[in-house]
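For reference, the chains in residue letters:
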Amino acid sequence: MTRPVVPEWWQRWRGLKDRAATLAISAGGSVVLITILMLFVFLIYEILPLLRPATLAQRPALELAPGATPARWLSTDEYNSVLFSIGADGVARFQRADDGSLIDSLALAGDGDEITALAAAGTGQDAAALGYRDGSVQIVQPDYGYSFRDGQRSVSPALDYPRGPRLQPGDGAAVTGLALAPGSGLLALQQTGGALSLLQFAAPQAPGAQAPPGAFDLGIQPPAWALHIMDHGRWLLLLTQEGGYRLWSLQAPQPKLVSTGDLYPRGFSASALLQGG
């Protein structure tokens, strides 16, 4: 049996296809190897900074706006480009964090009005409660609007004030202590004379938050050196200057005093809730 004769042109065509397939397979393999190599280079580039020692550089001190009084509350936007402050004079100010230039300001206390207490919402919450001499309370919150153009970020700060109605609990005595917990919509305040009140200024927002509705009078208590609302509105803690404490449970329909005592006989110098508290 004789083999069929393959035309010469067909052999040349098959040879071209073999060479083309060989080149394609070699090129594909090379691309895969180069891609893997580039991934390793990228990973090394990202990891190298973690292996370098940390460094600290001192920046020039940032001065508050001319005429500003010492700040009672300071916060920044998420990019640390704008500084927000509320001064002892009751004026809210936005300043650029790089050079301290004033962007905008707003008086939070009018003629004959005076801010006597201030409480920040805590880590991750840019809101504050202001207590006034007439016994009223107002919530304020800075807001930052961002825009991007030609690869540049610009920020337009604004103050949400007044945020909700101005609350007027109690008998009109000056507010001397405040605690704010936006996640549960709770506000605790103490007035001159020791009267302690618990208010719900907004509906609970945090998952699992509990808050008794309405307003509650917790009676005359020792002057609060610090007030804290903890665990998404489940507990209210009062600390005294002498180192004592009083703890209320807010999980029942009515707030309940569950514990009192002395924590530190020498008194406190500072107190703050940890992240998540």
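In this text, all values refer to a predicted model and were calculated from it rather than measured experimentally.

Asker: Now, about the confidence of the model for the protein: what can you tell me, with residues and values included?
Answerer: Predicted coordinates in areas of low pLDDT are best not read in detail. Scored by pLDDT, the protein has a mean of 78; 87% of the residues are at 70 or more. Contacts for the low-pLDDT stretch residues 204-213, under 50 throughout, to residues beyond four places or in other chains number 28 contacts.

Asker: Tell me what's going on with the pattern of salt bridges, and back it up with residues and numbers.
Answerer: One pass over the full model with this rule turns up one salt bridge. Where Arg133 meets Glu114, a salt bridge forms, and the shortest distance between an N and an O atom there is 2.8 Å. Placement of Arg133 in the loop between strand 6 (128-132) and strand 7 (137-149) and of Glu114 in the loop between strand 4 (102-107) and strand 5 (115-120) is noted, with a sequence separation of 19 residues between them. By relative accessible area, Glu114 is classed as partly exposed at 38%.

Asker: Could you give me a rundown of the sheet that holds strand 5, with the residues and numbers involved?
Answerer: What the four strands build is an open sheet, ordered 5-6-7-8; its pairing is antiparallel. The sheet is open, and its two edges are formed by strand 5 and strand 8 (152-167), each paired on a single side. For this sheet the average axis-to-axis angle between neighbouring strands, irrespective of direction, equals 25°. The pairing of strand 7 with strand 8 spans eleven bridges and is classified as antiparallel. What sits directly across from Gly145, in strand 8, is Ser156.

Asker: Quick rundown of a nonpolar patch on the surface? Include the residues and the values.
Answerer: Where nonpolar side chains cluster on the molecular surface, the patch consists of Val32, Ile36, Phe40, Phe42, Leu43, Ile44, Tyr45, Ile47, Leu48, Leu50 and Leu51 and spans about 1200 Å² of accessible area. With respect to the helices and strands, Leu50 occurs in helix 1 (residues 8-51).

Asker: Any details on the sheet that holds strand 2 (residues 82-87)? Residues and values, ideally.
Answerer: Taken in spatial order, the four strands make up an open sheet running 1-2-3-4, and their pairing is antiparallel. In the strand order of this sheet, the two ends are held by strand 1 (71-76) and strand 4, each with one partner. Neighbouring strand axes in the sheet, compared pairwise and without regard to direction, differ in orientation by 15° on average. Relative to strand 4, strand 3 (residues 91-96) is paired through five bridges, and the arrangement is antiparallel. Bridged to Val91 within strand 4 is Ala107.

Asker: An account of the pairing of strand 6 is requested, with residue identities and associated values reported.
Answerer: The element strand 6 is extensively covered by neighbouring structure, given that five of its five residues are classed as buried. Every second residue of strand 6 is oriented toward a common face, with Ala128, Leu130 and Tyr132 on one face and Ala129 and Gly131 on the other, all of them buried. Bridge analysis of strand 5 against strand 6 gives five bridges, and the strand direction is antiparallel. Across the sheet, residue Leu118 finds its bridge partner in strand 6, namely Leu130.

Asker: Explain the layout of surface pockets to me, and be specific about the residues and the numbers.
Answerer: By volume, the second largest pocket amounts to about 250 Å³. Lining the second largest pocket we find 13 residues, and of these Asn80, Ser81, Val82, Ala97 and Asp98 sit closest to its centre. Those elements that provide at least two residues to the lining of the second largest pocket are strand 2 and strand 8. The dominant element in the lining of the second largest pocket, judged by the number of residues it contributes, is strand 8, at three residues. Its residues assigned to classes, the lining of the second largest pocket shows five nonpolar, four polar and four charged.

Asker: Give me the lowdown on the packing of aromatic side chains, citing residues and values where you can.
Answerer: To describe a pair of aromatic rings, one takes the distance between the centres and the angle between the planes. Evaluated as defined, the whole model comprises four aromatic pairs. For the ring pair Tyr79 and Tyr146, a centre distance of 5.1 Å and an interplane angle of 80° mean the geometry is edge-to-face. Of the two residues, Tyr79 sits in the loop between strand 1 and strand 2 while Tyr146 sits in strand 7, which places them 67 residues apart along the sequence. In this structure Tyr79 comes out as partly exposed when scored by relative accessible area, which is 38%. Using a relative accessible area of 26% as the deciding quantity, one classes Tyr146 as partly exposed.

Cut-offs and rules
- Residues numbered from 1 in each chain as written.
- Predicted model: local features only at pLDDT ≥ 70, side-chain atom pairs only at ≥ 80, totals over all residues.
- Heavy atoms only, no water.
- pLDDT = per-residue confidence, 0-100.
- Contact = heavy atoms within 4.5 Å.
- Salt bridge = Lys/Arg side-chain N within 4 Å of Asp/Glu carboxyl O.
- Helix = DSSP H or I, 4+ residues; strand = E, 2+ residues; numbered from the N terminus.
- Buried < 20%, exposed > 50% of the residue type's maximum accessible area, 1.4 Å probe, protein only.
- Pairing = 2+ DSSP bridges.
- Axes fitted to C-alpha atoms, helices over the stretch in contact; angles between N-to-C directions.
- Patch = residues over 30% accessible without salt bridge, like charges linked within 9 Å, V, L, I, M, F, W, Y side chains within 5 Å.
- Areas by Shrake-Rupley, 256 points an atom, 1.4 Å probe, with all protein chains shown as cover.
- 1 Å grid on protein atoms, 1.4 Å probe; cavity = no way out; pocket = protein on both sides within 12 Å on 5 of 7 lines; lining within 4 Å.
- Points joined across faces, edges and corners; volume = space filled by probe spheres on them.
- Nonpolar A, V, L, I, M, F, W, Y, C, P; charged D, E, K, R; others polar.
- Phe/Tyr/Trp six-rings, centres within 6.5 Å; stacked < 30°, edge-to-face > 60°.

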